[in-house]
Amino acid sequence: MRIELKNVSKRFGQTQALDSVNVVFGEQKIYGLLGNNGAGKSTMLNIITSRYLADSGEVAMNGQPIFDNDACLNQIYLLSEKSFYPDSMKTGEAIKWAAIFYPSFDRNLAHQLAERFNLPLKKKITALSTGYASIFKIVMALSSGAPVLLLDEPVLGLDAGHRDLFYKILIERYSENPCTIVISTHLIAEVAGLIEHCVIIKNGRIVKDAPAQDLLAGGYTVSGPAGLVDEYIRGKRVLSQSGLGGLKTASLSGERPNELPQGLESGRLNLQEYFIELMNEEA
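Residues numbered from 1 in each chain as written. Predicted model: local features only at pLDDT ≥ 70, side-chain atom pairs only at ≥ 80, totals over all residues. Heavy atoms only, no water.

Brief notes about the overall build of the chain
Okay, step 1: Scanning the chain from terminus to terminus reveals ten helices and 14 strands.
Okay, step 2: Scored against the burial criterion, the 283 residues of the chain give a buried share of 46%.
Okay, step 3: When contacts within the chain are restricted to residue pairs at least 6 apart in sequence, those whose partners lie at least 24 apart make up 66%.
Okay, step 4: On the chain, roughly 14500 Å² of surface is accessible, and the fraction owed to carbon and sulfur atoms is 47%.
Okay, step 5: One finds the centroid of the 28 positive side-chain charges in the chain at a distance of 5 Å from the centroid of its 31 negative side-chain charges. (Helix = DSSP H or I, 4+ residues; strand = E, 2+ residues; numbered from the N terminus. Buried < 20%, exposed > 50% of the residue type's maximum accessible area, 1.4 Å probe, protein only. Contact = heavy atoms within 4.5 Å. Areas by Shrake-Rupley, 256 points an atom, 1.4 Å probe, with all protein chains shown as cover. Lys, Arg positive; Asp, Glu negative; His and termini not counted. Charge placed at Lys NZ, Arg CZ, Asp CG, Glu CD.)

Section: the packing of aromatic side chains
Okay, step 1: Scanning all chains against the criterion turns up five aromatic pairs.
Okay, step 2: Ring centres of Tyr-85 and Phe-136 lie 5.3 Å apart, and the angle between their planes is 70 degrees; this geometry places the pair in the edge-to-face category. One end of the pair, Tyr-85, is in the loop between strand E6 (76-79) and helix H3 (91-101); the other, Phe-136, is in helix H5 (residues 130-143), and 51 residues separate them in sequence.
Okay, step 3: The exposure class of Phe-136 is buried, given its relative accessible area of 2%. (Phe/Tyr/Trp six-rings, centres within 6.5 Å; stacked < 30°, edge-to-face > 60°.)

Concerning empty space enclosed by the protein
Left-over empty space is what a probe sized like a water molecule reveals as it rolls over the atoms.
Okay, step 1: A full pass over the atoms with the stated rule returns one cavity of 30 Å³ or more.
Okay, step 2: Counted as a void, the largest cavity has a volume near 100 Å³.
Okay, step 3: Lining the largest cavity are Ala-141, Leu-142, Gly-145, Ala-146, Leu-149, Leu-170, Arg-173, Tyr-174, Asn-177, Cys-179 and Ile-181.
Okay, step 4: Considering each element in turn, the lining of the largest cavity owes the most residues, three residues, to helix H6 (residues 160-176).
Okay, step 5: Partitioning the lining of the largest cavity into residue classes produces eight nonpolar, two polar and one charged. (1 Å grid on protein atoms, 1.4 Å probe; cavity = no way out; pocket = protein on both sides within 12 Å on 5 of 7 lines; lining within 4 Å. Points joined across faces, edges and corners; volume = space filled by probe spheres on them. Nonpolar A, V, L, I, M, F, W, Y, C, P; charged D, E, K, R; others polar.)

A look at the layout of surface pockets
Okay, step 1: Each pocket or cavity is described by its volume, and for the largest pocket that value is around 740 Å³.
Okay, step 2: In terms of lining residues, the largest pocket is bounded by 24 residues, among which Arg-51, Tyr-77, Phe-84, Tyr-85 and Tyr-102 are the most central.
Okay, step 3: Of the residues that constitute the lining of the largest pocket, the class distribution is 16 nonpolar, four polar and four charged.
Okay, step 4: Its volume calculated, the second largest pocket comes out at about 510 Å³.
Okay, step 5: If you go around the second largest pocket, you meet 25 residues; those closest to its centre are Ser-42, Thr-43, Asn-46, Glu-81 and Asp-152.

A closer look at the nonpolar core
Okay, step 1: Of all hydrophobic cores here, the largest spans 56 residues; its most connected members are Leu-151, Phe-166, Ile-181 and Ile-200.
Okay, step 2: Counting residues per element, this core draws most heavily on H5, at seven residues.
Okay, step 3: Discounting residues that sit within four places of it in the chain, Phe-166 has contacts with Phe-117, Ile-138, Leu-142, Leu-151, Pro-154 and Val-155. (Core = buried A, V, L, I, M, F, W, Y, C linked by side-chain atoms within 4.5 Å.)

Remarks on the environment of Ile-188
Okay, step 1: Looking at the element boundaries, Ile-188 is found in helix H7 (residues 188-191).
Okay, step 2: Considered as a pair, Ile-188 and Tyr-52 are 136 residues apart in the sequence and their alpha carbons are 26 Å apart.
Okay, step 3: Contacts of Ile-188, omitting those with residues within four sequence positions, involve Leu-34, Leu-271, Gln-272 and Phe-275.

Here's the deal with the sheet that holds strand E10 (residues 205-211)
Okay, step 1: Taken in spatial order, the six strands make up an open sheet running E6-E7-E8-E3-E9-E10, and their pairing is mixed. Every interior strand has two partners, whereas the edge strands, E6 and E10, have only one. Strand-to-strand twist in this sheet, taken as the mean axis angle between neighbours without regard to direction, amounts to 15 degrees.
Okay, step 2: For E6 and strand E7 (residues 148-152), the ladder comprises four bridges, and the chain directions are parallel. Each bridged residue has a counterpart across the sheet, and for Tyr-77 the counterpart in E7 is Leu-149.
Okay, step 3: In the packing of H5 onto the sheet, the strands contacted are E6 and E7, and the crossing angle to E6 comes to about 170 degrees. (Pairing = 2+ DSSP bridges. Axes fitted to C-alpha atoms, helices over the stretch in contact; angles between N-to-C directions.)

A look at unusual backbone geometry
Okay, step 1: Of note in the backbone geometry, Ser-20 takes a positive phi value of approximately 50 degrees without being a glycine.
Okay, step 2: Within the chain, Asn-203 stands out as a residue other than glycine whose phi angle is a positive 50 degrees.
Okay, step 3: With respect to the element layout, Asn-203 can be found in the loop between strand E9 (197-202) and E10.

Below, the structure written as structure tokens:
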């Protein structure tokens, strides 16, 4: 499934949430939709799923307009902050009824995931804690069978153990049933190892749209004794620095060198450092 946004704009009062956005989410790839709070990530996902109507522009799936198109919308599952289930519905009942809206919904898988996450099936959805409300949404999304999963802050309120379990299960499901996954999150360090392609948005505009590997090729890290690191980075463009005891690590912009002075080691720039530096540049 290929989803394409062409010149999409959306304004809420005085706020320009999206400004002439052009982006393509292709088949069988894990995307990271990255941006600070208020950048326009959630607005974009809501427009894709017709929860919001764009002020201008086009949104299409495989060349067909998505808006008010059930054949397209049934292929997309959006995990978002809002829940549209009746106040009286219990988690187990939601699993039972989900197949009506998503023909490929896997009830057996949903029950397996609920057991792995220790999700109570006889509790009202509205009575779940913030963490278990997120777990419920995760179970429903991963069991939907939809070829396009849009995950908006999926680990909101989850503890470290449950976040780690979610990432493992997400990779399991992707390996067994490749699909298009868009993860919108501010926990960049945690998802960096999953993301194949980055779409970075700031103030409603796309500032980067490229494979993660290509973005990170523009920088590197140097680590070793603090004195040697300080001497090496003098006069270079430093993105960040951190130290522990007599050791130090610095992240720098530029091409990774083939050789370094004795006592120093080079490494790959991480996605979070790249994102922070990009936001600083844009500012």
